[in-house]
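# Working through the structure, step by step
The primary structure of each chain is shown beneath.
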Amino acid sequence: MYKALVFADRFFTPAVFEQATSQVPFWEGVQRVYYDLGWPEVPFCYGERLREYVPYPQEALKEVEEAEILVTQMGLVDEHLLQHAPRLQAVGCLRSGPVNVDHEALERRGIPLFFAPERSVEAVAEFTVGLFIAARRGIVRACREAFLGIWSQSSYFDYALAPLPLSQVTVGLIGFGKIARRVAQLLGPFRVREVVSYDPFVPQEDMAMYGVRKVSLEELLQAADIVSLHVRYTGENRKMIGEREFKMMKPGSIFVNTSRGELVDEEALVRALQRGVPAFACIDTCCEEPWCGKHPLADLQNVILTPHIAGASRSTVESAASEIAQAIGRYFEEAHLFSKKEAR
């Protein structure tokens, strides 16, 4: 019988993984040992090489000695842990980008890493479109005013200030990966005037399949009423949206970031919002998470600020758990078939 050490948390619960493994026959022969690392109540740590992780307890070093499989979501998988895992054959990480796992240490051992690059596509796309609507219709601002006892109806039924419907709006998607493509699909029923995208790695033909026109970054910023960021952070693209880019945006435009905070120069964004272009911003990811004290954007009235919750949907963790359970099951079954052939 195989043994799997599973770093669970309050989102990736043992029950979620048990449900996922129940659909894969391979896991019937796997002993599973769970550690609840407490995320998100226990915040992330950041190291020099690995980031956005929750440390494992010292007892895990003993437990991993007999494990052939290690599964994590936010739990740290570093070289120190791997040195205590002589029998380890596979690692699964329920994240779209496994930044908490030491890839190089796994490669040196020849241990495969399975992760879930599409786990939050639906959840983040839905959240993004929700922000488009909330920002354009002033839903959050009206709610704040209502809580303060202010009847602000007159400011919303002012023709000069009233927003255009989405059918008269151009949406610009910076990056055209899985999430941006799903956003484009979800916008279909709203019959937006046009969806344009900037992504140097995606050909026009691929964008056209989603009814999207490929443009330069400059054209997108100058034309879009809503600018939405959907780029994977690499380090090289740090602060790719800054002072220059904000100055190119249209008066009355909205800037949305459900991607990564490091992609945006936050100080430049604050200045831009104070000037009024863009007119509004929806920010779900920040450069420093969790923020310490009050975030500078929280002092502005033309901002929706949320604590990196776009992916907080049951579908996110359930699909990731299923994907990892199936991938590890296939890997061991294929390895078993290969070893049987070799024995012949």
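Residues numbered from 1 in each chain as written. Predicted model: local features only at pLDDT ≥ 70, side-chain atom pairs only at ≥ 80, totals over all residues. Heavy atoms only, no water.

## As for the packing of aromatic side chains
For the record, the criterion: The rule is short: rings of Phe, Tyr and Trp, with Trp giving its six-membered ring, pair when the centres are within 6.5 Å, and they are stacked under 30 degrees, edge-to-face over 60, tilted in between. Exposure classes here rest on a 1.4 Å probe applied to the protein chains alone. A residue is buried below 20% of its type maximum, exposed above 50%, and partly exposed in between.
The final tally for this structure, using the stated rule, is twelve aromatic pairs. Ring centres 5.4 Å apart and planes at 90° place the aromatic pair Phe 246 and Phe 255 in the edge-to-face group. What makes Phe 246 buried here is its relative accessible area of 0%. An angle of 90° between the planes, with centres 5.5 Å apart, marks the rings of Tyr 331 and Phe 332 as edge-to-face. Tyr 331 sits in the partly exposed class, given a relative accessible area of 29%. These aromatic residues form a ring-pair network of at least three members: Tyr 2, Phe 12, Phe 17, Phe 26, Trp 27, Phe 114, Tyr 331 and Phe 332.

## Brief notes about the sheet that holds strand β6 (residues 90-93)
We apply this condition: Any two strands with at least two DSSP-identified bridges between them are counted as paired. Starting at the N terminus, helices and strands are each numbered in turn, a helix being any DSSP run of H or I of at least four residues and a strand any DSSP run of E of at least two. Lines fitted to C-alpha atoms define the axes here, with helix axes fitted over just the stretch in contact, and angles between the N-to-C directions of these axes take values from 0 to 180 degrees. Residue contacts are defined here by distance: any two heavy atoms, one from each residue, within 4.5 Å place the two residues in contact.
Across the sheet, five strands lie side by side as β2-β1-β5-β6-β7; this open sheet has parallel pairing. Two strands bound the open sheet, and with one partner strand each, they are β2 (30-36) and β7 (113-115). With direction set aside, neighbouring strand axes in the sheet form an average angle of 15°. Sheet analysis places strand β1 (residues 2-8) next to strand β5 (residues 69-72), joined by four bridges and oriented parallel. When the sheet's bridge partners are listed, Val 6 is paired in β5 with Val 71. Docked against the sheet, helix α1 (residues 14-21) engages β1, β2 and β5, running at close to 160° with respect to β2.

## Quick notes on the environment of Trp 291
Along the chain, Trp 291 turns up in the loop between β13 (280-283) and β14 (303-305). Sequence separation between Trp 291 and Glu 59 is 232 residues, and the spatial gap between their C-alpha atoms is 30 Å. Ignoring sequence-local partners within four residues, the contact set of Trp 291 consists of Cys 286, Leu 305, Thr 306 and Pro 307.

## Some remarks on the pattern of salt bridges
Filter applied, for reference: One side-chain nitrogen of Lys or Arg within 4 Å of one carboxyl oxygen of Asp or Glu is enough to make a salt bridge.
Counted by the stated rule, this structure contains 26 salt bridges. The partner of Arg 10 in a salt bridge is Asp 36, with the nearest N and O atoms 3.1 Å apart. You can see Arg 10 sitting in the loop between β1 and α1 and its partner Asp 36 sitting in strand β2, a full 26 residues away along the chain. We classify Arg 10 as partly exposed; its relative accessible area is 48%. In this structure Asp 36 comes out as partly exposed when scored by relative accessible area, which is 46%. The partner of Glu 194 in a salt bridge is Arg 213, with the nearest N and O atoms 2.6 Å apart. Note that Glu 194 is positioned in strand β9 (residues 194-198) and Arg 213 in strand β10 (residues 212-214), a separation of 19 residues in sequence. Through salt bridges with shared partners, a single network forms among Arg 51, Glu 52, Arg 95, Arg 260 and Glu 262.

Everything listed here is a matter of geometry and, on its own, says nothing about what the molecule does.
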